[in-house]
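Take a look at the letters that make up each chain.
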Amino acid sequence: MRLILLGPPGCGKGTQAKLLSERNGLEHIGTGDILREAIRQQTPAGLRAHPYVEKGQLVPDDLVNDVVAERFNLNDPPECFVLDGYPRTLAQAVAFDQVLRQHYFDLTAVLLFQISDEEIIARVGERWSCPKPGCKATYHTQSKPPKVPGICDYCGTKLIQREDDRPETVKARLVVYHKNIGPLAGYYRVQELLREVPGHGAIEQVYANIMTILNEQAKRKC
Ligand code: AMP
């Protein structure tokens, strides 16, 4: 399967991407995670991305397109993947189509998570994540609390709240999201790839919704 997940920040697409990757053998490519790691390591891409990420703005298209293209240009490009957080603009979608064409890859589906802004703002304030590279587990104090408060269940690292999860920054990110999602969704809708996923409810329920939709999509494509 080759999937793209679209949705507002904090809609749960990172959590679902992780589940989809673990349960279906897909490579999880999260541009937010890649950029945060580049910032932590102070690479040239990280230094350029930092001021944008900090303010909740999108990094320039050429920067994120290069980061993704680099992953696909390695000796072992991912055959099966779930993209989380990319593309976010129409220009990125067009650039990514070129990458796909180079490899003769077709997309299976583009899943658009539906959830209200009010719920996003409430959810993000409750979000904690593990900063350890290679773990990156996420928690929610209500729906998915860690076993020991403040500590990652998997690796024991102290959990953090992301800088860009502050309420003002989340509101700015939602404005950017709403500006871009129309043209982006339209681009994939005309290709009959776009499927809407109700983003409310428990994690396993949302995962089940996704699998139902993917089964329907597979039948449509036959
Ligand atoms: P995320 O973890 O996906 O919410 O991404 C965190 C931040 O990384 C975003 O607020 C942007 O600053 C940046 N970012 C991640 N993916 C992209 C993208 N596809 N285009 C532009 N900026 C991005």
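The shown structure was predicted, so the numbers you read here are calculated from the model rather than taken from an experiment. (Residues numbered from 1 in each chain as written. Predicted model: local features only at pLDDT ≥ 70, side-chain atom pairs only at ≥ 80, totals over all residues. Heavy atoms only, no water.)

K.L.:
Quick one: what's the story with the pattern of salt bridges, residue by residue and with numbers?
P.N.:
Counting across every chain of the model gives 11 salt bridges. Taking the shortest distance from any N to any O, the salt bridge between glutamate 22 and lysine 18 comes out at 3.4 Å. Taken together, the positions of glutamate 22 and lysine 18, both in helix α1 (residues 13–24) and four residues apart, correspond to about one turn of that helix. Taking relative accessible area as the criterion, glutamate 22 reaches 53% and is therefore assigned exposed. With a relative accessible area of 28%, lysine 18 lands in the partly exposed category. The residue glutamate 27 makes a salt bridge to arginine 71 at a minimum N-O spacing of 2.7 Å. (Salt bridge = Lys/Arg side-chain N within 4 Å of Asp/Glu carboxyl O. Helix = DSSP H or I, 4+ residues; strand = E, 2+ residues; numbered from the N terminus. Buried < 20%, exposed > 50% of the residue type's maximum accessible area, 1.4 Å probe, protein only.)

K.L.:
Break down the packing of helix α5 (residues 90–102) against helix α7 (residues 167–189) for me, with residues and values.
P.N.:
Look at α5 against α7: their axes get within 8 Å of each other, and the N-to-C directions meet at 35 degrees. In contact with Leu90, Ala93, Val94 and Asp97 of α5, α7 contributes Pro183, Leu184, Tyr187 and Tyr188. For the contact of α5 with α7, the per-class residue count stands at seven nonpolar, no polar and one charged. (Axes fitted to C-alpha atoms, helices over the stretch in contact; angles between N-to-C directions. Contact = heavy atoms within 4.5 Å. Nonpolar A, V, L, I, M, F, W, Y, C, P; charged D, E, K, R; others polar.)

K.L.:
Which residues make up unusual backbone geometry, and what values go with them?
P.N.:
Following tyrosine 86, the chain continues into proline 87 via a peptide bond in cis, with omega recorded as -5 degrees. The topology assignment puts proline 87 in the loop between β3 (81–84) and α5. Its identity is not glycine, yet tyrosine 104 carries a phi of approximately 55 degrees, on the positive side. Using a relative accessible area of 75% as the deciding quantity, one classes tyrosine 104 as exposed. At glutamate 192, a position not held by glycine, the phi torsion is positive, near 60 degrees.

K.L.:
Kindly report on helix α3 (residues 44–55), identifying the contributing residues and their values.
P.N.:
Of all the residues in α3, the buried ones are Gly46, Ala49 and Val53. Burial along α3 is one-sided: seen end-on, the buried residues are contained in an arc of 75 degrees. Turned more than 90 degrees away from the buried face of α3, the exposed residues are Pro44 and Leu47. Directly after α3, the chain includes glycine 56, whose backbone phi takes a positive value near 80 degrees. (Arc of directions from axis to C-beta.)

K.L.:
Residues and numbers for the packing of helix α4 (residues 61–72) against α5, please.
P.N.:
Across the interface, α4 lies against α5 with an axial gap of 10 Å and an inter-helix angle of 20 degrees. It follows that α4 is roughly parallel to α5 by the angle criterion. Every pair of crossing elements has a handedness; the one defined by α4 and α5 is right-handed. Counting all contacts with α4, which are made through Asp61, Val64, Asn65, Val68, Ala69 and Phe72, the residues of α5 involved are Ala91, Gln92, Ala95, Phe96 and Val99. (Parallel < 35°, antiparallel > 145°, perpendicular 65-115°, else oblique. Left-handed = near helix turned anticlockwise from the far one by under 90°.)

K.L.:
Tell me about the domain arrangement of the protein, residues and numbers included.
P.N.:
Assigned domains within the protein: domain 1 (2–117 + 166–221) and domain 2 (126–160). Relative placement of domain 1 and domain 2: their C-alpha centres are 22 Å apart. Residue-level contacts link eight residues of domain 1 with six residues of domain 2. Each partner contributes to the roughly 550 Å² buried at the junction of domain 1 and domain 2, and carbon and sulfur atoms together form 50% of this total. The largest share of the area that domain 1 buries against domain 2 comes from Lys18, Asp33 and Ile203, three residues that together contribute 46% of it. There are zero salt bridges connecting domain 1 and domain 2. Joining domain 1 to domain 2, the criterion identifies one residue pair in polar contact (both at pLDDT 80 or more). Elements supplying a minimum of two residues to the side of domain 1 that touches domain 2: α1 and α2 (31–40). (Domains from an automatic or database assignment. Buried area = accessible area lost by both parts, 1.4 Å probe. Polar contact = N/O pair within 3.5 Å; in protein donor to acceptor, adjacent residues only side chain to side chain.)

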